[in-house]
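Spelled out from the first residue to the last, the chains are:
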Amino acid sequence: MRKTECLAMILAGGQGSRLGALTKKIAKPAVPFGGKYRIIDFPLSNCANSGINKVGVLTQYRPLELHNYLGTGGAWDLDKKDGGVFILPPYAREKGADWYKGTADAIYQNLNFIDSIDPDYVLVLSGDHIYTMDYSWMIESHKMNKAEATIGVIEVPWDEAPRFGIMNTAKNGRIEEFEEKPVKPKSNLASMGIYIFNKSFLKRYLEEDAKDSVSSHDFGKNIIPKMLTDNARLFSYAFDGYWKDVGTIESLWQANMDLLQDEPPFSMDGLWKIYSAGLSMPPHYIGEMAKVTTSLVSEGAMIFGEVKNSVIFPGVKVGKGARVTNSVIMPFTTIAENAIVDKAIVAQNCEISAGAKVVGADGAIIVIPEGEIILSEAGNKQVG
Amino acid sequence: MKTVMGIMNLQENDVFIKEMTESRPIASIPFAGRYRLIDFGLSSMVNSGIDNVGIMLPDKSRSVLDHLRSGKDWDLARRHEGLFYLPVAQDCDENHKGDLKNFYRHIDFIEHSMQKYVLLVSGSVIYNMDFSKVLRFHQNTGADITMVYNVEAEEQPGNGIVLETSENGFVKDIAQRPVVYENSKVSMGIYLMDKRIFIELIRNAYEHGGSDFLLDGILRQHGAYNIYAFAHDGYVARITSTVSYYKASMDLLNPDIWQELFMSGDFVYTKIKDEAPVKYKKTAQTRNSLIANGCIIEGEVENSILFRGVKIGKGVHVKNSIIMQKCDLKENALLENVICDKNVVITKGKWLKGASNYPLIVGKDIVI
């Protein structure tokens, strides 16, 4: 058995409270995306394609659907003899049980697991970003710089910089300063929340941080700044490509819409495939009077009405005379005859009755949570 | 159905469908935008709870092996039983030219299996059914052999195995008829029987000079057994010729048939391919069609079936056609009544038209 070079740890425990109705029943990484996938498919597929075949997924909030979805990792080719997807919820030990108190605490509580794998490096990923990336290049860069930690960064527009954790770096990529949401940013390199650590180095800092009762046990707020203060060898790795944090309704909707561009910002079935676990469904059916333009439509759907500028997931029915525009319709939702849906995200298994109207107004996206039935008598359901 | 083992016989006569079976057996013909013919019988078996399935391979077996592999996508990659490949009998005895010798060769596989019954199906009939109903019928009637049939409302060209039954399903006659008249009871190539009877039937037929399972095993030995027939009332298509393939494909454009076959509970499984959802661009115009994932549509598609990864360029018009995996139809190409096999490229502005009752077939990898 060869020594494991890199173990990935995906932080998938958050509630994603800013996604409101969409995460009432499921964890954020399990939220459907892109007409076929779930958010977690992106970091998972990136790991599989990068040759990282040991992936821990740290879950906590409402993990049932996520656990079911992951199974043994077969869909991402991660069910190997000497590899796999390891689902890591918080667990009880002799001294009691603790929920994960922060991103760093979650990793800290799984140090036993990390020790048992004994990798050279630990790659910490968030479970709620949309992007395609070959982590092996970042690992190479980490090795070449003889870094103790490498942080993935991406250039953001200067006017957005105050929203991110900003890295100020030297010419050789060495991180000199880290500012959390700076009012006057000195650089526009934002942290992507992707970290590579040397295993023992990480272990030392996590153990120390665990003893600090004032700490929020967060990588961005506590661990990274402490490493910097200690003058550790922290390097940045610049990522150049599409990357989106889909933590809000607005950004989730926008990321879906981004896929509808004539030349989409990235491909999900090109050389870098994004895998997903799903039901076996037939090619979708487009009816006699249907009109589908500038949209994504997946398998098992039946479209009899008009679909424009929208993302249609598997098993969705759009009835005759219905109009779906600028919207994301998640799996197995039915939009009955003559209904109108515009600027909306409709979650799984909903029913938009005949003639009903679901229209986002005043520039906001309306969200219909899982399993809801919208009646036409309710009239125009406008967002408040 | 822990008491039933499955056998799929993929050896078929492909003389009427030669354009599509040049490099593949009938069972491997791509169908319905995403599947292969073999997926239907196999999925029905798996959904009915059959865990032990022997696949009697045809002569050209590479595509079958590549498609099924370990059986994982059908839930048949098991520690115990699961999918089992039964290759063609190599020992060439000139007197036994048909498929019977393959059954004979693999009797030991059947004998060593734990199950009491054998369910034999072919690889070229389209349906979605629950075989446990057939087992119950078989046990209730006390039949030696149960066959499954459907009633063909319209006259069918090309020969079929026609049954005559009494009210209770007892089969009075089985015959291979050159024309199938309307309202005939036509066999679906499905047989359920006790394992002992299956083995006895094969031995008798083979050792007395027989060469074809259907003719020498069933038809000629009809008198020796109590044969009953179970009626299946869902959609059925037998794919034996280019015409029947084209017709069955066009049948799928009827949403009721599409739903009954694919979306009424028990799914049809196939090899997983991880293609992205279909991208419809601004100029896309699609009507009455089935479009598989991975396609990019910029032109007009009407009454057609597009398999995965097909590109329809601007100004293209595709009508009444079947376009298989990864074909690329460049700007302003025009196709009507055409079947394009895999990887075909139709260059800018080319026009192709087949007859409305006999499609024009473009072979694999051809560039026009």
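Residues numbered from 1 in each chain as written. Chains lettered and ligands numbered in written order. Predicted model: local features only at pLDDT ≥ 70, side-chain atom pairs only at ≥ 80, totals over all residues. Heavy atoms only, no water.

### Observations regarding the pairing of strand S9 (residues 165-169) of chain A
Applied cut-off: Three labels apply to residues, based on accessible area from a 1.4 Å probe with only protein chains included: buried if under 20% of the type maximum, exposed if over 50%, partly exposed otherwise in between. Counting from the N terminus, the helices are DSSP H or I runs at least four residues long and the strands are E runs at least two residues long. By this definition, two strands are paired if DSSP reports at least two bridges between them.
In terms of residue burial, S9(A) counts as a mostly covered element, since four of its five residues are buried. The hairpin formed by S9(A) and strand S10 (residues 175-180) of chain A contains five residues between the paired strands, and A:Gly173 there has a positive phi angle of roughly 90°.

### Observations regarding the interface of chain A and chain B
To be explicit about the condition: Any pair of residues with heavy atoms lying within 4.5 Å of one another is described as a contacting pair. By definition, the buried area sums, over both parts, the 1.4 Å-probe accessible area that each loses when the two are put together. Here, a salt bridge means any side-chain nitrogen of Lys or Arg that lies within 4 Å of a carboxyl oxygen of Asp or Glu. Side-chain atoms alone can form a polar contact between residues adjacent in sequence; in general such a contact is a pair of N or O atoms within 3.5 Å, and within protein one must be able to donate a hydrogen while the other accepts it.
Taken together, the contact pairs 42 residues of chain A with 36 residues of chain B. Summed over both sides, the interface of chain A with chain B buries roughly 3,100 Å², with 51% coming from carbon and sulfur. Considering only the surface of chain A that becomes buried against chain B, A:Ser280, A:Pro283 and A:Tyr285 emerge as the three largest contributors, covering 21% of it. Along the contact surface separating chain A from chain B lie three salt bridges. Residue A:Asp79 is joined to B:Lys72 by a salt bridge in which the shortest nitrogen-to-oxygen separation is 3.3 Å. Where chain A touches chain B, the interface holds 22 residue pairs in polar contact (both at pLDDT 80 or more). When residues of the side of chain A that touches chain B are traced back to their parent elements, those giving at least two are strand S14 (284-286), strand S15 (291-293) and strand S16 (295-297) of chain A.

### Brief notes about the packing of helix H6 (residues 199-211) of chain A against helix H7 (residues 219-229) of chain A
Residues and elements named next belong to chain A. Put simply, the rule reads: A fitted line through C-alpha atoms represents every axis, and for helices the fit uses only the stretch in contact; the resulting angles, taken between N-to-C directions, go from 0 to 180 degrees. A crossing counts as left-handed when the near helix is turned anticlockwise from the far one by less than a right angle, and as right-handed when that turn is clockwise.
Where H6 contacts H7, the axes come no closer than 11 Å and their chain directions differ by 120°. Like other packed secondary-structure pairs, H6 and H7 cross with a definite hand, here right-handed. Here Phe201, Leu202, Tyr205, Leu206, Glu208 and Asp209 of H6 come into contact with H7, specifically with Phe219, Asn222, Ile223, Lys226 and Met227.

### Concerning the pattern of salt bridges
Enumeration according to the criterion identifies 40 salt bridges over all chains in this entry. A:Arg38 is the partner of A:Glu65 in a salt bridge, and the nearest nitrogen-oxygen pair spans 2.8 Å. With a gap of 27 residues between them, A:Glu65 in helix H2 (residues 64-70) and A:Arg38 in strand S3 (residues 37-38) connect regions that are remote in the sequence. B:Lys116 serves as the salt-bridge partner of B:Asp194, at 3.2 Å between the closest nitrogen and oxygen. You can see B:Asp194 sitting in strand S11 (residues 184-194) and its partner B:Lys116 sitting in the loop between helix H4 (107-112) and strand S6 (117-122), a full 78 residues away along the chain. For B:Asp194, a relative accessible area of 10% puts it in the buried group.

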